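Observations on the model geometry
Spelled out, the chains give:
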Amino acid sequence: MCGIAGYIGDKSASKILFEMLKRLEYRGYDSAGIACLSDDSVVVFKNKGTVDKVMKESGYEAITSKIGIAHTRWATHGEPSKENAHPHCDSKGEFIVAHNGIIENYRDLKAELMERGHRFESQTDTEVIPHLISELYVDSFEEAFREAVKRLRGSFAVVVLSAKEPDRILIARKDSPLIVGLGDSEKFIASDTPAVLPYTKRVLILDDFDYGIVTKDHVTIKDLQTGEEITKKVHEIEWDIKQAEKEGFTHFMLKEIFEESEAVKNAVKALPDIEKIAKKLKNYKRIYFLGCGTASHAGFVGKYLLERFSIPSELVLGSEFRYSTVNTIDKDCAIIAVSQSGETADTLASVKDARERGAYVVSIVNVVGSTLTRVSDDIIYTYSGPEIAVASTKAYVGQLTSITLLSLYLAKELQRISADYLDEIIDDIHSLPDKIGQILGNEEEVKGLAEKLFDKKIFFYIGRRLNYPTALEGALKIKEIAYVHAEAYPAGELKHGPLALLEEGVPVVAINPNDDLLEKMDSNIQEAKARNASIIVVGENGALKTPVIDPILSPILYIVPLHLLAYHIAVLRKLDPDKPRNLAKSVTVE
Ligand code: F6R
């Protein structure tokens, strides 16, 4: 949610910043901007529109500076416009800021600064930062910056330039991610690792209340409160640059769907951690899965799996947990937080509250070193690699695999399943990548179905038990990337109201694994058929055909054709599935 970038070194800052922004565009894409220092003066260019559009307008290739900052925006305060785009400057144009997060006390700060003669040009919360630094400046950029940041409430990752000290970029973080990529005589500041991958794999990860002074040769990180220097570990990024490229696919989303076989294999790599964590989990009386959006659907499958093994469990949404469920949390509770990015504000806030109440927190996370991994007791990485498309696909498959393994090992610890049964299912899990490959091999058929359906106005997705979350996830995907209204229901609920919406030709996607509920599902399908709805079955004999699999693994397999279907419908509707309107990846605001 908003991408920020900074460069200092011997190369053309504007070209590098453009490339970095392109890799951060999934975090927001309604406006963009760049500020570079040239001959002790500042060049700022910003506007509404995508990174490509704004950077072309800026004539960035002609900017010869070797130090600069840049931003790609997802609007929170103030509509997408040139004025509200970052970077923002103080009235004298001496301090220039790009920011990700929300400054909660900006109204008070703005009023105070206006009384002191500062003129504001935007509706953003961010603009108070450069004005505040300017107000507090005596003779040290660092001191003014530190004092200003100490007065901010809310969440922030900030990068700041000043013509007064043109050899440095100052940075700070609280509740919004920020890393520094370390090159020889050059440094790269970014919201996320894909932005620095082409240049370096060595990064420093800032923690909350860290601030830093970045020059081309050094990075000094200090504590915001005490001003004392902090020694930071250098992390080696294991991701390959190719993983963050489209590699011949039309869209990142399609590439990432085609990586779903690999996502299963990668998630299995965490098995040793999963086994250890299952042994700890068995001591807790209540287990909650926690997440937002797609990650919550993965957690929902987890709840059904645990219940299947007679282990009570609940799903709680990150945006709701801290306003209600938290009151019931104590040291007997375990929270399994699920998140691709590890930066989702609602999930993080819930985890922090739960830990304060003594809960044990395990996180299932994709991004190594992300904030969630730092506030959890234990971590299960899904190792899905970078997910660039805004809509989560391969990460969901990775999350489902980790959750299934964890549920199985916990069931074994609690003697709800035998070691033989566990071995059997693990063998089946190893067969999943090939089976996903078979579904992907049928892409043309899915595309053919999409051609018949792409102009429909409403879709229904129905499933039961473990595949009710599959219905939710299938519906979410088509809503967010194809802008088609979609409803997901437990199949048995159709007759309690939504059936009234069914009429001739309305597509009903029925997720129908070959299990003990097959007949019940068939009855629900007949109810829809009797209203002349168009039924699309996902299953062994369905129009969206899936290979034979143990039903408890069906959510991992059955989501694959639904991801493909949503993708092709979006493309046929001439939409960019990688960048759905109004959305951004990594939702770092509550
Ligand atoms: C939907 C989607 C979102 C995310 C949600 C949580 O396709 O991607 O619903 O799943 O914003 O994000 P993470 O998993 O990063 O916590």
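Residues numbered from 1 in each chain as written. Predicted model: local features only at pLDDT ≥ 70, side-chain atom pairs only at ≥ 80, totals over all residues. Heavy atoms only, no water.

**Details of the site of the ligand**
This is how the line gets drawn: If a single non-hydrogen atom of a residue is within 4 Å of a molecule or strand, that residue counts as near it. Distance and chemistry together define a polar contact, namely a pair of N or O atoms within 3.5 Å, with one atom able to donate a hydrogen and the other to accept it when in protein, and with adjacent residues in sequence counting only for side-chain atoms on both sides. Computed with a 1.4 Å probe, the accessible areas rest on the Shrake-Rupley method; for each residue, only the protein chains presented here act as cover. With a 1 Å grid spanning the protein atoms alone, the term cavity applies to any set of points in which a 1.4 Å probe fits but cannot get out, the term pocket to an open set with protein on both sides within 12 Å along at least five of seven lines, and the term lining residue to any residue with an atom within 4 Å of a point. The rule for placing a molecule in a cavity or pocket is simple: more than half of its atoms must lie within 2 Å of the grid points. The helix count covers DSSP runs of H or I at least four residues long, the strand count covers runs of E at least two residues long, and both are numbered beginning at the N terminus. Residues are sorted three ways: Asp, Glu, Lys and Arg are charged, Ala, Val, Leu, Ile, Met, Phe, Trp, Tyr, Cys and Pro are nonpolar, and all the rest, Gly among them, are polar.
The ligand sits among 14 residues. The nearest are S339, Q340, S341, T344 and E480. Separating an oxygen atom of the ligand from a side-chain N or O atom of S339 is a distance of 2.6 Å. Between T344 and the ligand, the recorded distance is 2.5 Å, taken from a side-chain N or O atom to an oxygen atom. Relative to its free-state accessible area of 410 Å², the ligand is covered by the protein chains to the extent of 88%. If you map the ligand onto the pockets, it falls in the largest pocket. Looking at the shell around the ligand, the elements that each hand over two or more residues are helix 9 (293-308) and helix 16 (468-482). When the residues that make up the shell around the ligand are grouped by side-chain class, the tally is 5 nonpolar, 7 polar and 2 charged.

**As for empty space enclosed by the protein**
Counted only if it meets this: Grid points are joined across faces, edges and corners, and a volume is the space filled by probe spheres set on the points.
Across all of its chains, the model carries 4 cavities of 30 Å³ or more by this definition. Taken as a whole, the largest cavity spans an internal volume of roughly 240 Å³. Counted by class, the lining of the largest cavity contains 11 nonpolar, 8 polar and 7 charged residues.

**Quick word on the domain arrangement of the chain**
Put simply, the rule reads: A domain assignment, automatic or from a database, supplies the domain bounds used here. Whether two residues are in contact is decided by their heavy atoms, any of which lying within 4.5 Å being enough. Two parts placed together each lose some accessible area; with a 1.4 Å probe, that loss summed over both constitutes the buried area. The working definition used for a salt bridge is a side-chain nitrogen of Lys or Arg within 4 Å of a carboxyl oxygen of Asp or Glu.
Partitioning the chain into domains gives domain 1 (2-237) and domain 2 (252-572). Using C-alpha coordinates to define each centre, domain 1 is positioned 37 Å away from domain 2. Across the boundary between the two partners, domain 1 contributes 11 residues, which contact 8 residues of domain 2. At the boundary of domain 1 with domain 2, total buried surface from both sides reaches about 800 Å², with 52% on carbon and sulfur atoms. On the surface where domain 1 and domain 2 come into contact, there are 3 salt bridges. In this structure, D208 engages K352 in a salt bridge whose closest nitrogen and oxygen atoms are separated by 4.0 Å. The interface formed by domain 1 and domain 2 contains 3 residue pairs in polar contact (both at pLDDT 80 or more).

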